[in-house]
Amino acid sequence: MPESNSVATSLVRTSTPEEKGMPGVSDPYIREQLEKRRNELHTVISAAAPAAPTTPLLDLLSEVDSALHRMDEGTYGICEACKDSVEKDRLLADPLIKLCLDHLSSDEQRALERDLELAAKVQRGLLPRTDIGFKDWRVHYRYHPAGMVSGDYCDLILPANGGDGELVFLLGDVAGKGVAASLLMTHLHAMFRSLAGVALPLDKLLEMANSVFCQSTIAGQYATLICGRAGHRGEIEIGSAGHLAALLISKEGVRQVCSTGVPLGMFSTSRYTIDHLQMEPGDSLLLYTDGISEAANSSGTEYGISRLSSVAAERHGWVPHELAAACMKDVQNHSAGRKQADDQTLMVVHRADTIQLSLND
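Quick caveat: nothing in here was measured; it's all calculated off a predicted structure.

> Would you explain helix α3 (residues 55–73) in this entry?
Residues lying three or four places apart along an α-helix face the same way, a consequence of the helix completing one turn every 3.6 residues. Compared with an ideal rise of 1.5 Å per residue, which puts 19 residues at 27 Å, α3 spans 27 Å between its outermost C-alpha atoms and is within 8% of the ideal. A positive backbone phi angle near 80° is found at Gly-74, which sits one or two residues after α3.

Structure (structure tokens):
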């Protein structure tokens, strides 16, 4: 496509060249949505009173038929101006789009930019406070999107009305990038906020979340996720839906807490086992997304979990915001000179010792 100075173009086009074409897994979904719209339009037009104006509906029906015809010919998703692929996120949002971002009018590009800015504002509003203290737990996270919107999911849920329950912490990564991934991130946020108050065992919470996610997303959409509960005496329950290993940082060193199940959205009947950890004062649990572990340097070498473990192992007992800052600084030093390619989120769940508690009080 020809180059464009549009802010919308730079914000939305996050896919690599090999991802630009419509993935096969999306085609059945788009066809299904178009056929549903065509059937609904036929129903509305047939039921309209004789004198009722139906021209706008007939025009829309013609557009839907045209899109289905292009799909049959194999030209669906191709920009009519430059014959390159239309951005797949936009096609999923509006199956009737015929032009790529570069060929939108100035007014259309400005409208899209405003929509993106609003989406980013809404997404930022869903994030929890950066620092949370609950009993002897201290939690801090860093959230660095690669673009205006993010597919990383991060949440901290405290007991309702200051109750005596447990702190729920969540960190995840939705497959894909851009607007479509950010929409799924908000879906996860609403889903877990609703389910967290039901007082389900953690394995059942993950199973129910997975079932709901499967039923409310299209094929090929999934998310890796870590969900945990922090108890009153240093105990942690933790379940992982295909996410990267969490790192338990104790006096004895760093232990990896690996995944206990497949990602959310893959199979509606998936089951999850739960790990039980006992954290002592000064211990920390480090969660992160693959934007951190896969951050590459100028030669293409990834940062890796081993390096993150080494940085964390040298900092047992550090308060959460200092540990997170040290880890993120090391990641940035490693990838200096390279543009951030993926969303980066890191969370530290820390059990404070007596001195830390008294200082905070």
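> I tried to follow the environment of Ala-246 on my own but got confused; where do I start?
Its location among the elements puts Ala-246 in strand β7 (residues 246–250). According to the relative accessible area criterion, Ala-246 is buried, its value standing at 0%. Placed ten residues apart in sequence, Ala-246 and Gln-256 show a C-alpha to C-alpha distance of 5.7 Å. Contacts of Ala-246, omitting those with residues within four sequence positions, involve Ile-226, Ile-238, Arg-255, Gln-256, Val-257, Leu-285, Leu-286 and Leu-287.

> Quick question: what am I supposed to make of helix α7 (residues 202–216) here?
Here α7 spans 21 Å end to end across 15 residues, near enough to the 21 Å set by a 1.5 Å rise per residue. Within the span of α7, buried status applies to Leu-202, Leu-205, Leu-206, Glu-207, Ala-209, Asn-210, Phe-213 and Cys-214.

> What exactly am I supposed to notice about the packing of aromatic side chains here?
Overall, the coordinates contain one aromatic pair when judged by the stated rule. With a centroid separation of 6.2 Å and an interplanar angle of 25°, the aromatic rings of Tyr-153 and Phe-192 are classed as stacked. Here Tyr-153 is found in strand β3 (residues 152–157), whereas its partner Phe-192 is found in helix α6 (residues 178–195), with 39 residues between them in sequence. The pair formed by Tyr-153 and Phe-192 is uniform in burial state, with each residue classed as buried. Taking the ring centre of Trp-318 as reference, the NZ or CZ of Arg-315 above it sits at 5.1 Å.

> In this structure, what is going on with the confidence of the model for the protein chain? I would like to understand it.
Interpretation of the predicted coordinates at a detailed level should be avoided for regions scoring low in pLDDT. The predicted model of the protein chain averages 85 in pLDDT, with 88% of residues at 70 or higher. Contacts from residues 1–25, a stretch scored under 50 in pLDDT, to residues over four places away or in other chains number 49 contacts.

> What am I meant to see in the packing of α6 against α7 here?
In a pair of packed helices, the angle between the axes and the distance between the axes together describe the arrangement. Following both chains from N to C, one finds α6 and α7 inclined at 140°, their axes separated by 11 Å at the closest point. Classed by the angle they form, the pair α6 and α7 counts as oblique. At the point where α6 passes α7, the crossing takes the right-handed sense. Note on element contacts: α7 touches α6 through Leu-205, Leu-206, Met-208, Ala-209, Val-212, Phe-213 and Ser-216, opposite Leu-184, His-187, Leu-188, Met-191, Phe-192 and Leu-195.

> When you look at the sheet that holds strand β6 (residues 235–241) in this model, what are you seeing that I'm missing?
If you trace the five strands from one edge of the open sheet to the other, you get β3-β4-β5-β6-β9, paired in antiparallel fashion. For this open sheet the edge positions go to β3 and β9 (275–278), each flanked by a neighbour on one side alone. Within the sheet, the average angular offset between the axes of one strand and its neighbour, ignoring direction, is 15°. Relative to strand β5 (residues 223–230), strand β4 (residues 167–174) runs antiparallel, the two sharing eight bridges.

> Can you help me understand the packing of helix α9 (residues 305–313) against helix α10 (residues 320–334) in this one?
For the pair α9 and α10, the least separation of the axes is 10 Å and the interaxial angle reads 140°. Put simply, α9 runs oblique to α10. Handedness of the crossing formed by α9 with α10: right-handed. Side by side, α9 and α10 meet where Arg-307, Leu-308, Val-311 and Ala-312 of the first sit next to Leu-323, Ala-326, Cys-327, Asp-330 and His-334 of the second. Of the residues assigned to the contact of α9 with α10, the class counts are six nonpolar, one polar and two charged.

> It is not clear to me how unusual backbone geometry should be interpreted in this structure. Could you clarify?
Trans is the common state for peptide bonds, and a negative phi is the common state for residues other than glycine. Of note in the backbone geometry, Lys-83 takes a positive phi value of approximately 65° without being a glycine. Tracing the backbone through its elements, the reader meets Lys-83 in the loop between α3 and α4 (88–93). A residue is classified by how much of its surface remains accessible, and Lys-83, at 60% relative accessible area, is exposed. Backbone geometry places Ala-199, a non-glycine residue, at a positive phi of 60°.

> Just to check I follow, could you spell out the pairing of β7 for this structure?
When a strand is regular, its side chains alternate between the sheet's two faces. When you tally the buried positions in β7, you get five out of five residues, the bulk of the element. Here β7 pairs with strand β8 (residues 253–257) via five bridges, running antiparallel. Bridging from a neighbouring strand, Ile-249 pairs with Val-254 of β8. The turn linking β7 back onto β8 is made up of two residues. Relative to strand β10 (residues 284–288), β7 runs antiparallel, the two being bridged by three bridges. Residue pairing across strands places Leu-247 opposite Leu-286, the latter belonging to β10.

About the cut-offs
- Residues numbered from 1 in each chain as written.
- Predicted model: local features only at pLDDT ≥ 70, side-chain atom pairs only at ≥ 80, totals over all residues.
- Heavy atoms only, no water.
- Helix = DSSP H or I, 4+ residues; strand = E, 2+ residues; numbered from the N terminus.
- Expected span 1.5 Å × (residues − 1).
- Buried < 20%, exposed > 50% of the residue type's maximum accessible area, 1.4 Å probe, protein only.
- Contact = heavy atoms within 4.5 Å.
- Phe/Tyr/Trp six-rings, centres within 6.5 Å; stacked < 30°, edge-to-face > 60°.
- Lys NZ or Arg CZ within 6 Å of the ring centre and 35° of its normal.
- pLDDT = per-residue confidence, 0-100.
- Axes fitted to C-alpha atoms, helices over the stretch in contact; angles between N-to-C directions.
- Parallel < 35°, antiparallel > 145°, perpendicular 65-115°, else oblique.
- Left-handed = near helix turned anticlockwise from the far one by under 90°.
- Pairing = 2+ DSSP bridges.
- Nonpolar A, V, L, I, M, F, W, Y, C, P; charged D, E, K, R; others polar.

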